[in-house]
Structures are given as structure tokens and as C-alpha cells.
Amino acid sequence: MWVEVICGLVIYRVFRRFFFCDDDDDIEAFSSSSSALFSVAHRLEKLYGGKAYVGLRIPDADTSSRQNIDVILVTKGEAMIISVKNLSGLVSIDTDGRWVCTGGGSKHKTERHLDPVVETKQQIAILESYLEQRGVVLPEGYLSCKVVFPNPNFRTIESSYFPSEVITYEQWMKMKPESKTTFPGWIKGAFRGGKKEMQESIQQNLSFILSTAPMWDRIELKGNKFILGEFLEFKGKQDDIQALRNIRRSKVSRLIFQKTSMFGLAYSKLQVLYSPRDYRNGGVSSSEWKEISVRLSTEALFQPQSSSKVCKFKLSSIISVSLSA
């Protein structure tokens with residue numbers, strides 16, 4: 001009997017290790033990767049204006065799958081796909097074109113990666129095809145791409161060895177705001193000579209399509225941390241789950257969580273504010289927020305992007321959740 005109990009415990013621990021991320025290291029790794037995307041997007045908007053769209057999942061008709069695009073920056077007259085690589089360590093390019101990262105992370109192992117510039121250039125054709133399916137044909141050269149390495153531990157022997165599409169950490173930190181009447185020097189500017197009315201029309205249509213395009217769900221945690229992935233379900237007491245039954249991605253676009261207390265005493269309940277989805281307004285509702293209250297112990301199951309593991313978060317540790325349609 002004891003053998004059966006021990007075997008059962010071993011199987012249970014192995015199962016949780018490979019399919020659930022219960023420890024802080026797993027969550028920190030997922031958060032670090034996703035937060036880098038939002039940090040880059042926010043800085044690009046401050047530097048060059050426009051609007052940055054994060055965590056898109058663009059349908060690829062050729063492969064019948066979805067292509068993950070980190071960031072798309074839309075400015076006046078142009079748009080750019082930004083691939084964010086949070087590599088840490090000494091990075092070089094091997095003779096076969098693969099990128100070799102040595103000494104990064106806690107294990108100081110060597111990793112080999114496919115050429116990120118080639119991968120990002122392929123996303124241009126996929127995005128153009130998707131936009132055409134939704135009725136927007138971009139002028140030639142309107143879309144371009146860059147690969148950003150924002151990790152301060154990213155190092156190179158000689159940055160000039162990399163393609164012009166690459167922005168190393170050193171280059172990234174040296175970028176300065178440019179006049180809002182001019183375009184960033186690293187954006188090609190192929191469409192600057194077009195008519196203003198045409199530019200504005202394309203920008204408006206492009207912005208609407210990207211705001212309603214498939215995206216990863218996102219969790220915002222304390223400390224300005226984000227995790228992209230897929231929201232699965234709520235877990236908790238039956239009456240709390242019953243109260244949350246109307247929160248479905250088809251009906252709700254965003255949730256905000258706030259602790260509440262009675263008469264200044266210890267927090268006893270969690271207030272859940274949620275915004276009904278409005279498909280006519282880019283997926284964001286302009287109506288009033290609705291609210292419900294649940295126990296602090298209520299949890300959310302969330303599967304991070306590119307991971308087979310499922311993370312369990314107490315709602316009290318979450319600031320907000322955004323759900324893709």
C-alpha cells in the first residue's frame with residue numbers, strides 16, 4: 001500500500017512539474033519575455049508617436065495557422081513590424097546563419113536560434129496578405145521591419161556584423177525622440193511623398209484592423225509585469241464561479257481587480273470590474289463598467305504563450321486581464 005501511495009505522489013509531482021507553473025521562477029520567466037514587448041512598444045510610442053499593437057496572432061493562409069507578431073508600430077504614412085528578442089549573453093552569427101547566444105541566463109548554456117531577421121521579414125508578407133483579405137492594400141514599401149534586443153545583458157563582439165534591421169541594446173538606448181513632423185531615421189519613408197488624405201485613410205483603416213485582429217490574452221501583474229497567453233477559466237468556490245459565469249471572451253474585453261474592505265478592516269473581498277465588449281468600437285466598450293465581488297482565494301488558470309504549462313494566479317495578485325475576441 002505504501003508503495004502505491006509513494007508512486008502516486010511521484011506521478012503527481014511529475015505531472016505538476018511538466019504541466020503547471022507553480023513556482024516563481026516559471027512565472028518570472030514568462031513575465032520577463034512578455035514584459036519586454038510592452039516595454040519596447042511603450043518606448044517606441046514615446047519616441048516616435050503613433051500606436052503600437054502588441055502580441056498579435058495573424059492568420060497565415062498558407063499554413064492554416066497563426067503567426068505570432070510581437071509589435072506593430074503604426075505611424076503617419078508607415079508601419080513597421082518589430083520583433084523583440086530578449087536574449088541575454090554574448091551573441092554572434094554562425095556560418096550557417098544561425099544566431100548563437102552564449103553565457104546568458106542562470107545556467108550559462110549556449111543556445112542556437114534561427115535568424116530573427118529572416119523570420120521577421122517573412123511576417124511582412126503574412127501581414128500584407130491578411131490585410132488584403134480585410135480590404136486594405138498597402139502601397140509598396142509601406143511595411144518594413146526591425147529586430148530589437150532590449151536586454152541590458154545582450155552583448156556582441158562587433159555590432160556592425162549584424163544586418164541593418166537589427167537594433168542592439170546599445171543602439172536601442174541611444175535612440176532619441178525625433179520631431180513629430182519628421183519620420184524616424186530607421187523607418188524607410190517609402191510613402192512619405194503620398195497625398196495626406198490617402199495616408200490618413202490608410203492609417204485609420206490599418207489601425208482599426210489591427211485593433212480588432214486576433215491577439216494573445218494578457219495578464220497585468222504588480223510591478224508593471226505582463227504575461228501573454230490564453231485565459232482558460234476561473235477556479236474557486238461554487239458561488240464565486242457562479243458570479244463570474246457571465247465573464248466570457250465573447251462578451252467581455254477587459255477585467256480589473258481591486259481589493260475591498262469593510263470599515264477599514266482587513267481586505268475581505270475582491271471587486272471585479274469588467275467592460276462589456278463592443279465590436280463596433282474596436283473591441284472596447286464605451287459603456288459603464290460592471291462589477292461583482294468574489295473571495296480573495298478565487299484563482300484564474302492561464303496558459304502562457306509558447307508554453308505547455310498552465311499557470312495558476314490568485315485574482316488578488318492580478319491588476320487586470322485583457323481578453324482577445
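Quick caveat: nothing in here was measured; it's all calculated off a predicted structure.

Parameters and conventions
- Residues numbered from 1 in each chain as written.
- Predicted model: local features only at pLDDT ≥ 70, side-chain atom pairs only at ≥ 80, totals over all residues.
- Heavy atoms only, no water.
- Helix = DSSP H or I, 4+ residues; strand = E, 2+ residues; numbered from the N terminus.
- Buried < 20%, exposed > 50% of the residue type's maximum accessible area, 1.4 Å probe, protein only.
- Contact = heavy atoms within 4.5 Å.
- Areas by Shrake-Rupley, 256 points an atom, 1.4 Å probe, with all protein chains shown as cover.
- Expected span 1.5 Å × (residues − 1).
- Polar contact = N/O pair within 3.5 Å; in protein donor to acceptor, adjacent residues only side chain to side chain.
- Patch = residues over 30% accessible without salt bridge, like charges linked within 9 Å, V, L, I, M, F, W, Y side chains within 5 Å.
- Salt bridge = Lys/Arg side-chain N within 4 Å of Asp/Glu carboxyl O.
- Pairing = 2+ DSSP bridges.
- Axes fitted to C-alpha atoms, helices over the stretch in contact; angles between N-to-C directions.
- Core = buried A, V, L, I, M, F, W, Y, C linked by side-chain atoms within 4.5 Å.

S.K.: Looking at this structure, how should I read the overall build of the protein chain?
M.R.: Helix and strand counts for the protein chain stand at six helices and 18 strands. Within the protein chain, the proportion of its 325 residues that are buried is 45%. Taking as baseline every contact in the protein chain between residues at least 6 positions apart, the subset at least 24 positions apart corresponds to 60%. Element-wise, carbon and sulfur atoms account for 52% of the exposed surface of the protein chain, whose accessible area totals about 18300 Å².

S.K.: Just checking my understanding: could you explain the environment of L90 for this structure?
M.R.: Mapped onto the fold, L90 is located in strand β5 (residues 89–93). Note: C-alpha distance between L90 and V100 (10 residues apart in sequence) is 8.0 Å. With residues up to four places along the chain from it excluded, the contact list for L90 reads V100, C101, T102, R155, T156 and I157.

S.K.: Please clarify how helix α3 (residues 116–133) should be interpreted in this entry.
M.R.: Think of an α-helix as turning once every 3.6 residues; residues three or four places apart then point the same way. Over its 18 residues, α3 runs 26 Å from end to end, which matches the ideal 26 Å to within 8%, given 1.5 Å per residue. Looking at α3, one finds that the buried residues are P116, V117, T120, Q123, I124, I126, L127, Y130 and L131. Among the residues of α3, the N-terminal cap falls to D115, whose side-chain oxygen and the backbone nitrogen of V117 are separated by 2.9 Å. Where α3 terminates, the next one or two residues include G135, which has phi positive at roughly 90°.

S.K.: Please clarify how a nonpolar patch on the surface should be interpreted in this entry.
M.R.: Residues L90, I157 and Y161 make up a contiguous nonpolar surface patch of about 360 Å² in total accessible area. Position of Y161 relative to the elements: it lies in the loop between β9 (154–155) and β10 (166–167).

S.K.: Would you explain the pattern of salt bridges in this entry?
M.R.: When the charged atoms of two side chains with opposite charge come close together, those side chains can pair. Using the criterion set out here, one finds nine salt bridges in the structure. For the salt bridge of K121 with E165, the shortest nitrogen-to-oxygen distance reads 3.3 Å. Of the two residues, K121 is situated in helix α3 and E165 in the loop between β9 and β10; the sequence distance between them amounts to 44 residues. Assessed through its relative accessible area of 42%, K121 is described here as partly exposed. For E165, a relative accessible area of 16% corresponds to the buried category. The salt bridge involving K174 is made with E170; its shortest N-O contact spans 3.3 Å. Placement of the pair is K174 and E170 together in helix α4 (residues 169–174), with a separation of four residues, close to one helical turn. Note on accessibility: K174 and E170 belong to one class, exposed. Within the structure, one salt-bridge network assembled from shared partners comprises D94, D96 and R112.

S.K.: Just to check I follow, could you spell out the sheet that holds β10 for this structure?
M.R.: Sheet strands pair by backbone hydrogen bonding; their relative direction is either parallel or antiparallel. Pairing in this open sheet of five strands is mixed, and the strands run β2-β3-β4-β8-β10 from one edge to the other. Two strands close off the open sheet at either side, each with one partner strand: β2 (51–60) and β10. Examined bridge by bridge, β2 and strand β3 (residues 65–75) share nine bridges and lie antiparallel to one another. For V54, the partnering residue across the bridge sits in β3 and is V71. Relative to the sheet, α3 contacts β2, β3, β4 (78–84), β8 (143–148) and β10, its axis offset from that of β8 by approximately 145°.

S.K.: In this structure, what is going on with the nonpolar core? I would like to understand it.
M.R.: Across soluble globular proteins, nonpolar side chains show a tendency to be buried alongside one another. By size, the foremost hydrophobic cluster in this structure holds 25 residues, and its most contacted members are I247, L255, F313 and I318. Those residues in contact with I318 that sit more than four places away from it in its chain are I219, E220, L221, F257, A300 and F313. Membership of the second largest hydrophobic core comes to 24 residues, among which are I126, C145, L206 and M215.

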